[in-house]
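# Descriptive structure summary
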Amino acid sequence: MTSPRDLLSPGPSVITAGIDLLAQALRDQAVEVTAVDFRPPTVDPDDLAGGAGDADAVLAALATVLADPRRAAATAEAARRMTAVRAQLVDVLPAGQALGLRPGEFLHAGPPITWARASGPMRGALIGAMLLEGLAGDADEAEAKLAAGEGISLSPCHDHHTVGPMAGVVSPSMWVFRLVDPESGAEAYCSLNEGLGKVLRYGAYAPEVIERLRWMSRVLGPALAAAVRTTGPVDITAIVGQMVQMGDEGHNRNRAGTLMFLRQILPGLVTSGLLADDIAEIAAFLGANDHFFLNLVMPCGKLMGDAAAGVPGATVVTAMCRNGTDFGIRVSGTGDRWFTGPARYPQGLFLAGFGPDDANPDIGDSAITETMGIGGMVMAGAPAIVRLVGGSVPDALATTARMYEITETENPAFALPILEFRGSPTGIDVTRVLRTGILPQINTGMAGRVAGTGQVGAGLVTPPMQCFTAAVLALAELVPPVPGTPGA
Amino acid sequence: MTDHITLRRGVYHDSVTLLRISRAVADTPGVTAAQVAMATPLNVELAVQQGFSVPPAGPDDLLVAVRGDDDAVRAGLAALQDALAAADRASVGARGVGATPAPRTVRAATREAPDAAIVLLSVPGAAVTGEAMDAIAAGRHVMIFSDNVPLSDEIALKDAGARAGVLVMGPDCGTAVIGGVGLGFANVLRAPGSGGTAVGLVAASGTGAQQLSSLLDEAGVAVSHVLGVGGRDLSREVGGRSTLAALALLDADPATGHVVVLSKPPHPAVADTVRAAARSARTPVSTVLLGEGGDLTTAAEQVCAAVGVSVPDWPRWIPDGAPTPGSVRGVLRGLFAGGTLADEAMLVTGPVLGDIRSNIPLRPALALPVGAGAGRVPDLAGLGHVVLDLGDDAFTAGRPHPMIDPSVRLGQIAAAGADPAVGVLLVDVVLGHGADPDPAGSLAPALRTAVTARDATHPLTVVVSLCGTGGDPQDRGAQASALLEAGAAVFVSNAEAARYAAGLLAAPTPAGTPSEAP
């Protein structure tokens, strides 16, 4: 806690929030006034989950959580743990081996979902994974088996220390990155990025998609494993810090990160004993895929989110993700509980030939990048992508300025040169989201609504407020009563 | 000579920042060589050229190499820590180029105003906790003007404030004067340090603090600070948390030579705690309990005596041809903006006039009938002596306080003018920062209209309690003159005004004349 200022010789400046007349009375006395642009928290009835009480109940719960004597220290501790993580890439291996997945077991992005409620791209990715695993001969057969559900299990990546972009489907024969935080020994996993266009994560499952996945399991995964074992652990946190300084926000733009990663593993690749043609193909694949490093940023964020989880009284968001149907968040003080609301449609730019009618609601675990304090949170540092997502450079600065209002801390490891190397806004606080009405800004890709389509665009989206109101109601129930007060 | 070499993982700074940090280490007295840089091959080679033996390292490691005697290395490493911390800190609150949005929360504002010691909150009571917690977390003192803050939130805020070492003034704290700066509704007081003992006030009540501080100022007593604590602070539940903290602050303040604790009757156990704290204070402490005998003017006179200042004649302006005591028939109608001033008026006039009904009654039996006080212009006809606190929540829900917006009171004045049963109209006018810039501008014409509406057999006499100082921006003398010209008798002492009003009505009704009063 900051040391208190001297009250009785207060100096020439006062902060005010509320009635302007009182601020004016201070200005009339030649006192410098910093006026807060205060807006009272409002709870839209639409933001209340079924049976979640009324707006007054939400505001009362918010006050209860804010008055929790544990909150300040607990939230600061959760955020400290989040920023203390140093993610190292230590291995690349098949998901079956890394996560104990057996044939028919699939992980997916977002909160729990069933086949019946799954969106088009989620279904498409699951169909593709069935084909990849040889569990079906064609799409129709795969779909029928998935609908029947026999021998099939779906569970969220997040329940397996894993994160997956877009549909986020992980099946046993896909290879995954293994990241650890050496300090705590915690682990996180993510699949390898397939590139752009028609790809499984956007719900495409055409033969070329399956063929690329087979190449990734046959050539790319083992080669990266050999390279990483040769070069030793790769400090992903350090690369993220540098990519943010180089104009990547780490979610929609990973160009600098990908090239820095390639630079780091190339010597190991070359000396791995692989055929020169394979090495050339791998280098070309990585070099041409600006998003390759996203799948290393995400498990870095997963380690950060997990590190902050489970601090009683802490109001920091530890996961944000979507399954194409629901948006879900987890909060430190409520552990593994999901708070969900309907996923929204992203606003942004479409690839040639596509329009708003082609887009699916928001999907993917990649909002872990915003959870860890980059992505949309650091738009100020990524002017190159501002126009892609429909904004100007001042908009980007304003976006990040808003994000500081709802985050607990600033992460000096991810510093923003344009903001005089201010640390990235980190540790979204559900109470601040409710107080200000400011929702976390998420940069995202857009998947096609129809299974098999692939990517149709990229843009901006925010979570539904309902996730945050539900979380605050749940947090309030966990606040211990204050001794000596009525009702205690 | 010692060579200190460490590699730190996971610390990344750009090369320009590191160059500055490296220079800070190298400039430490006694350090003969130093390098702080990312361990790229080039940087490692430069360190080796300086004679350092560098262990295997990668470009993501921060290389720290310092040479000197043991003390110099220690000092150099301390300088490194400071420079790294400064590099992290320099940017906190930075806004970048171009216009950026105004702060939306108190926390963001505390970053923009690192030197502001006080946060003044007047947001709706249901929303105040978050903003106040932001202030406390940033080590700032908070004045909560807002009312309707739940009791449990008040306790939580005051406990959080105590842990952080900051004072939480309020909720429902209307007045504070700190270091000469008036916060909320506050009068302009003479600066301390001009000789004599300066008095510090701890006050639960807003207009009570304004009346007492204005009278002390009138008497030539300097007031060092007025710290508000909110009306519930001395309740059993809140337990005087802020009163005790404010008392301790004033006790430790070299500018304060005498402390006055001003409150409504506290819970007995809390009163004991406060009295014990007062006894153990190094500074003399007087306690003024409203409603337990005496009034604010008497209290001011006692404080004058305690600090060795002679009591002045409190200024008053009586119009020519004012009625003599006991000559006015009818009932008293008190229309107050200040709750404590209304309370005091009832305490002074009650013993003279008998029962006085009110929306803030002295006894529950004296409450207004259901419905009478609910409207914008409540109908008080036939209720006998009535004193209203127009600053009470029932009148301020959804509209500004009558110290800012006179419209509710103007309606009541017109109603009193139209009711021949009303013999004396008693109103307060509160001056100072935050209050109406010209209250007499609207009040004097309304009073004149009310007075001239009556015929000779049913005259209306107006008495004004004018709470303010000669330094207030409204110009107290001009305000008094305007009210005097409207036919009002004007007093700077609220107790004197009330006593004068009661005295006008006090004589028994002459035999054979039917009373107008119900």
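Further up the page is the structure itself.
Values in this document were obtained by computation on a predicted structure and should not be read as measured data.

## Looking at the overall build of chain B
Helix and strand content of chain B: 16 helices and 19 strands. Each principal axis of the C-alpha distribution contributes one length, and for chain B these read about 120 × 45 × 40 Å. In chain B, buried positions account for 56% of the 518 residues. Put simply, of all contacts in chain B between residues at least 6 apart along the chain, 75% involve residues at least 24 apart. When the accessible surface of chain B is totalled, it reaches about 19500 Å², and 56% of it is carbon and sulfur. Both charge centroids of chain B, one from 34 positive and one from 50 negative side chains, sit 3 Å from each other.

## Focus: the packing of aromatic side chains
Applying the stated criterion across every chain, the model contains 8 aromatic pairs over all chains. Aromatic side chains Phe261 of chain A and Phe292 of chain A sit 6.2 Å apart centroid to centroid with 25 degrees between the ring planes, which places their arrangement in the stacked category. Of this pair, Phe261 of chain A sits in helix α9 (residues 255–270) while Phe292 of chain A sits in the loop between α10 (276–288) and α11 (294–308), and the two are 31 residues apart along the sequence. Among the aromatic residues, those joined into a ring-pair cluster are Phe177, Trp215, Phe261, Phe285, Phe292 and Phe293 of chain A. Directly above the ring of Tyr404 of chain A sits Arg422 of chain A, whose terminal nitrogen or CZ lies 3.5 Å from the centroid. In this structure, Arg67 of chain B is placed above the aromatic ring of Phe52 of chain B, and the distance from its NZ or CZ to the ring centre is 4.4 Å.

## Considerations on the pattern of salt bridges
Tallied over the full model, the rule gives 36 salt bridges over all chains. A salt bridge links Asp429 of chain A to Arg432 of chain A; its shortest N-O distance comes to 3.6 Å. Exposure remark for Asp429 of chain A: the relative accessible area of 0% places this residue in the buried category. Given a relative accessible area of 6%, Arg432 of chain A falls into the buried group. When salt bridges that share partners are traced, they join Asp429, Arg432 and Arg435 of chain A together with Glu131 and Asp134 of chain B into one network.

## As for the nonpolar core
Ranked by size, the top nonpolar core spans 87 residues in total, and within it Leu220, Ile236 and Val240 of chain A carry the most contacts. A total of 12 residues in this core trace back to one element, the largest contributor, which is helix α7 (residues 207–231) of chain A. With sequence-adjacent residues up to four places away left out, Val240 of chain A is seen in contact with Phe293, Val297, Met372, Ile374 and Phe414 of chain A. Within the second largest apolar cluster, 58 residues are counted, among which are Val14 of chain A together with Ile178, Phe336 and Val387 of chain B.

## So, the environment of Gly321 of chain B
All names here are of chain B. Mapped onto the fold, Gly321 is located in the loop between β13 (316–317) and β14 (331–336). The exposure class assigned to Gly321 is exposed, which follows from its relative accessible area of 76%. With 166 residues separating them along the chain, Gly321 and Gly487 place their C-alpha atoms 9.5 Å apart.

## Quick notes on the pairing of strand β2 (residues 32–35) of chain A
Residues and elements named next belong to chain A. Alignment of strand β1 (residues 13–17) against β2, held across 4 bridges, turns out to be parallel. Across the sheet, the residue bridging to Ser13 is Glu32, located in β2. One crossover worth recording links β1 to the parallel β2 by way of helix α1 (residues 20–28), and it is right-handed.

## Notes on the sheet that holds strand β17 (residues 422–430) of chain B
All names here are of chain B. Read across the sheet, 7 strands follow the order β13-β19-β18-β17-β14-β16-β15 without closing on themselves; strand pairing throughout is mixed. Strand pairing shows two members of the sheet lacking a second neighbour, β13 and β15 (357–358), which therefore form its edges. As defined by bridge partners, β17 adjoins strand β18 (residues 461–467) across 7 bridges and the pair is classed as parallel. Among the inter-strand pairings, Leu426 is bridged to a residue of β18, identified as Val463. Lying on the sheet, helix α16 (residues 494–505) is in contact with β13, β14, β17, β18 and β19 (488–491); it crosses β18 at an angle near 170 degrees.

Calculation criteria
Residues numbered from 1 in each chain as written. Chains lettered and ligands numbered in written order. Predicted model: local features only at pLDDT ≥ 70, side-chain atom pairs only at ≥ 80, totals over all residues. Heavy atoms only, no water. Helix = DSSP H or I, 4+ residues; strand = E, 2+ residues; numbered from the N terminus. Buried < 20%, exposed > 50% of the residue type's maximum accessible area, 1.4 Å probe, protein only. Contact = heavy atoms within 4.5 Å. Areas by Shrake-Rupley, 256 points an atom, 1.4 Å probe, with all protein chains shown as cover. Lys, Arg positive; Asp, Glu negative; His and termini not counted. Charge placed at Lys NZ, Arg CZ, Asp CG, Glu CD. Phe/Tyr/Trp six-rings, centres within 6.5 Å; stacked < 30°, edge-to-face > 60°. Lys NZ or Arg CZ within 6 Å of the ring centre and 35° of its normal. Salt bridge = Lys/Arg side-chain N within 4 Å of Asp/Glu carboxyl O. Core = buried A, V, L, I, M, F, W, Y, C linked by side-chain atoms within 4.5 Å. Pairing = 2+ DSSP bridges. Right-handed = clockwise from strand over helix to strand, strands pointing away. Axes fitted to C-alpha atoms, helices over the stretch in contact; angles between N-to-C directions.

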